[in-house]
Every structure is written in structure tokens, then in C-alpha cells.
Amino acid sequence: MKDRRIATIIPKYGELNRLYKTIIERGFLYFDEQESITNFYRGAKDVGELELSVVELMISADKSISSVLLKSLKKEIEANRLLYLANRVFLDNLDTEKVCFAYAKRFDRQIDNQMTVVREYSKDLREVNNSLEAMAYKEHTQDEEDLLQRKYDQYKKEYEEQRAKLNNWYTLQKKAAEEALKCVTNLFSSINDLNEKISLIIEKYLIQEETVEIQEETETPSLVTYFPERLTSSLYKICNGEQFEEISEIYFHANLNLHPCEKQLRVRAKEKIRVCYLIYLLGERLSKDQREEWKDAILQQLEIDTSYYKSKYKEPVSDFPSDSNQKFAEEMANIF
């Protein structure tokens with residue numbers, strides 16, 4: 001689906017921003033960084049396709065999810081824009097052609113060394129071959145001819161082996177040159193221009209979404225957010241695929257906050273006790289009025305019986321917890 005492109009470009013922008021900071025702090029550029037920047041630009045430059053992805057996201061996803069994604073993308077783009085503008089002269093004057101030329105020539109020393117070796121083997125082979133040809137014009141024994149032929153065969157084999165190594169270096173050099181040729185252009189300014197185009201698209205649809213939200217506020221109550229993204233994100237890294245079946249982070253956040261969404265959180269087999277302990281820890285962060293209401297709803301949503309919860313939720317911190325329960329309790333302690 002095209003809307004997935006929005007979710008994938010956000011971490012790509014995050015990685016691009018980390019790359020910018022590293023280059024700026026170091027003061028120079030490596031080829032693999034230039035290659036990453038080039039690949040990013042080529043993958044993101046089709047703003048028409050990106051806008052189609054935004055439209056599809058707006059249509060197919062919950063408004064809370066589409067808003068989170070678009071605002072996250074906007075935030076990463078703004079961070080990239082600020083990094084560029086604060087270091088514009090440095091970034092625009094990075095000699096990307098020189099970096100790529102050095103990468104294309106990275107195997108020159110190995111080729112020169114191997115060429116020297118091949119010449120030596122070629123010289124030895126030529127001398128033996130000349131001796132073998134000259135033997136036809138002078139008296140010799142069959143044993144002498146056989147000995148010289150074996151020597152020729154051995155030299156030829158060794159020469160071909162060294163020649164193959166040289167050809168391999170040439171192949172690597174050709175590949176490096178092709179890779180370098182694709183990345184010679186300094187794209188920092190072009191990416192900043194791209195940022196402005198994408199920002200305009202995002203702003204247009206965020207304004208539309210906010211207008212719809214204002215209209216709907218008079219008809220429907222706003223959703224309560226019990227837990228901030230910072231907390232649910234930390235839990236997601238520990239619990240996704242472990243205590244709960246695989247789900248996207250957006251849906252994980254929505255489920256814990258009891259927001260309506262397309263994907264429901266499911267407890268994995270043999271993980272119900274640890275989930276009960278997690279529910280207890282989350283409940284303790286809420287006010288007394290909110291706690292029971294949220295706890296009853298999340299237990300029902302996760303299909304956990306209330307009596308089971310009350311009898312099991314403290315097992316991970318009991319006097320004699322299992323190794324897995326103890327490990328989980330320690331992970332939760334680091335978060336909470």
C-alpha cells in the first residue's frame with residue numbers, strides 16, 4: 001500500500017539527520033555517507049507519489065494515526081532544514097566529486113601491485129616458451145623436452161592464476177567506478193528544496209485534517225490519552241513480539257490508550273501473567289478515578305478475566321519469581 005511510504009520515510013529522515021550531524025561534527029564526508037544521501041534523495045524526490053501516499057493515508061487510517069505520522073514527518077523535515085541552514089556553506093562546498101573519485105580509485109594500489117606480479121610471471125613463462133620452441137632446432141633428449149614442457153605447463157598455470165587475480169581487481173574497480181558515478185552530485189541544496197515541497201504537501205493536509213477535527217469536536221468528545229508516546233514507545237520496544245503479538249507502534253499506543261483503531265492488541269501464549277503485571281504498573285500511573293475505569297476496559301479488551309488479574313498481577317515481583325518473570329520485572333523497573 002502507498003500509505004506505508006509515509007511510515008518508512010520518517011525513519012529515513014531520522015537517519016539522514018543523524019548522518020548530517022556526524023558529517024558536520026567530523027568536518028568531512030565519506031563515500032558511504034554520500035551514497036546514503038544520494039539514495040535518500042532518489043527515493044524521496046517523487047513528491048507526486050508522496051502526495052498520493054498522504055491522500056491514501058488520510059483515507060485509510062484513523063485520524064489520530066494519520067495526524068501522528070504527518071506531524072512526525074514534519075518534525076524530521078524541519079530538523080533537517082535547520083541543520084542545513086545552520087551549516088549551509090560547509091555542506092554546499094563539500095567536494096563530493098573528489099570523494100567519489102577517491103572511491104573509484106580505491107583499488108589502484110592493489111592493481112599496480114598485482115600487475116607487477118603478473119609481469120614477472122609473464123616474463124618467466126615467455127622465457128620457458130622460447131626455450132621450448134628453440135629446442136626444436138637443436139639436439140635434445142625426450143626427457144629434456146618433457147622436463148621443459150612440464151615447467152612450461154606449471155608456469156602457465158601460475159601465470160593464469162595471477163592474471164585471474166588481476167582481472168578480479170579490475171572487476172572491483174569497475175564496480176566502484178560505476179557506484180561512484182551515481183553519487184558525484186552534491187545534493188544538500190536539492191534535499192533542502194525537496195524539504196520545502198514535502199512540507200507544503202504535509203501542511204496542506206494537516207490544515208484540512210485540523211479543520212475536520214474542529215468540526216467534529218462539537219459532535220464527539222475528544223479521546224483521553226492516558227499514557228504519553230514516550231512511555232508507550234519504551235514499552236513497545238520490550239513487549240512487541242514478546243508479551244504481545246506483533247503490531248505497529250502506532251496501534252500499540254492507541255490500544256493502551258483505549259483509542260479506537262483497526263488493529264487490536266493480542267496477548268501471546270504464556271505471557272498473560274506478565275501482561276497483568278504491566279497493566280498494574282500502568283494503572284498506578286493514573287489517578288484513582290481513571291485507574292479502575294481504564295483497568296476494567298483494558299482487561300476486557302485483552303480478554304483477561306478480572307479474577308485472574310487479581311490473583312496473578314504480582315507474581316513477577318513475588319518472593320520466588322521465575323527467571324522470565326524476574327527479567328521482565330527488571331525491564332519494567334528500568335522504564336517505570
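Residues numbered from 1 in each chain as written. Predicted model: local features only at pLDDT ≥ 70, side-chain atom pairs only at ≥ 80, totals over all residues. Heavy atoms only, no water.

1. A word on the packing of aromatic side chains
Turning to step 1, where the next piece is worked out: Going through the model one piece at a time under the given rule, you end up with 13 aromatic pairs.
Turning to step 2, where the next piece is worked out: Relative to Phe-188, the ring of Tyr-20 has its centre 5.2 Å away and its plane inclined at 65 degrees; by these criteria the two rings are edge-to-face. Taken as a pair, Tyr-20 in helix H1 (residues 4-26) and Phe-188 in helix H9 (residues 188-217) lie far apart in primary sequence, 168 residues in all.
Turning to step 3, where the next piece is worked out: Here Tyr-236 and Phe-252 contribute two aromatic rings whose centre-to-centre distance is 5.5 Å and whose plane-to-plane angle is 65 degrees, an arrangement assigned as edge-to-face. Note that Tyr-236 is positioned in helix H10 (residues 229-239) and Phe-252 in helix H11 (residues 249-256), a separation of 16 residues in sequence.
Turning to step 4, where the next piece is worked out: In textbook terms, an aromatic cluster arises when at least three aromatic residues are bridged by ring pairs, as seen for Tyr-277, Tyr-280, Tyr-309, Tyr-313 and Phe-328.
Turning to step 5, where the next piece is worked out: It is Arg-26 that lies over the ring of Phe-28; its NZ or CZ is 5.2 Å from the centre.
Turning to step 6, where the next piece is worked out: In this structure, Lys-272 packs its charged tip against the face of Tyr-308, placed 5.4 Å from the ring centre. (Phe/Tyr/Trp six-rings, centres within 6.5 Å; stacked < 30°, edge-to-face > 60°. Helix = DSSP H or I, 4+ residues; strand = E, 2+ residues; numbered from the N terminus. Lys NZ or Arg CZ within 6 Å of the ring centre and 35° of its normal.)

2. A few points about a negative patch on the surface
Turning to step 1, where the next piece is worked out: There is a patch of like negative charges on the surface, built from Asp-289, Glu-292, Glu-293 and Asp-296.
Turning to step 2, where the next piece is worked out: Mapped onto the secondary structure, Asp-289 falls in helix H13 (residues 288-301). (Patch = residues over 30% accessible without salt bridge, like charges linked within 9 Å, V, L, I, M, F, W, Y side chains within 5 Å. Areas by Shrake-Rupley, 256 points an atom, 1.4 Å probe, with all protein chains shown as cover. Salt bridge = Lys/Arg side-chain N within 4 Å of Asp/Glu carboxyl O. Lys, Arg positive; Asp, Glu negative; His and termini not counted. Charge placed at Lys NZ, Arg CZ, Asp CG, Glu CD.)

3. Topic: the pattern of salt bridges
Turning to step 1, where the next piece is worked out: Counted according to the given criterion, the structure contains 10 salt bridges.
Turning to step 2, where the next piece is worked out: The residue Lys-175 makes a salt bridge to Glu-179 at a minimum N-O spacing of 2.5 Å. Within this pair, Lys-175 and its partner Glu-179 are both found in helix H8 (residues 142-181), separated by four residues, close to a single helical turn.
Turning to step 3, where the next piece is worked out: Taking the relative accessible area as the measure of exposure, Lys-175 reaches 47% and is therefore partly exposed. (Buried < 20%, exposed > 50% of the residue type's maximum accessible area, 1.4 Å probe, protein only.)

4. Things to note about the packing of helix H6 (residues 96-104) against H8
Turning to step 1, where the next piece is worked out: The contact between H6 and H8 brings their axes to 8 Å, and the two run at 165 degrees. Considering their axes alone, H6 and H8 lie roughly antiparallel with respect to each other. Taken as a pair, H6 and H8 cross one another with a handedness that is right-handed. Where H6 approaches H8, its residues Cys-100, Tyr-103 and Ala-104 are matched on the opposing element by Gln-173, Ala-176, Ala-177, Glu-179 and Ala-180.
Turning to step 2, where the next piece is worked out: Grouping the amino acids of the contact of H6 with H8 by side-chain chemistry returns six nonpolar, one polar and one charged. (Axes fitted to C-alpha atoms, helices over the stretch in contact; angles between N-to-C directions. Parallel < 35°, antiparallel > 145°, perpendicular 65-115°, else oblique. Left-handed = near helix turned anticlockwise from the far one by under 90°. Contact = heavy atoms within 4.5 Å. Nonpolar A, V, L, I, M, F, W, Y, C, P; charged D, E, K, R; others polar.)

5. Brief notes about unusual backbone geometry
Turning to step 1, where the next piece is worked out: Of note, the phi angle at Leu-258 is positive, near 60 degrees, even though the residue is not glycine.
Turning to step 2, where the next piece is worked out: With respect to the element layout, Leu-258 can be found in the loop between H11 and helix H12 (272-284).
Turning to step 3, where the next piece is worked out: A positive phi angle, close to 65 degrees, is found at Lys-270, a residue other than glycine.
Turning to step 4, where the next piece is worked out: Relative to the helices and strands, Lys-270 resides in the loop between H11 and H12.

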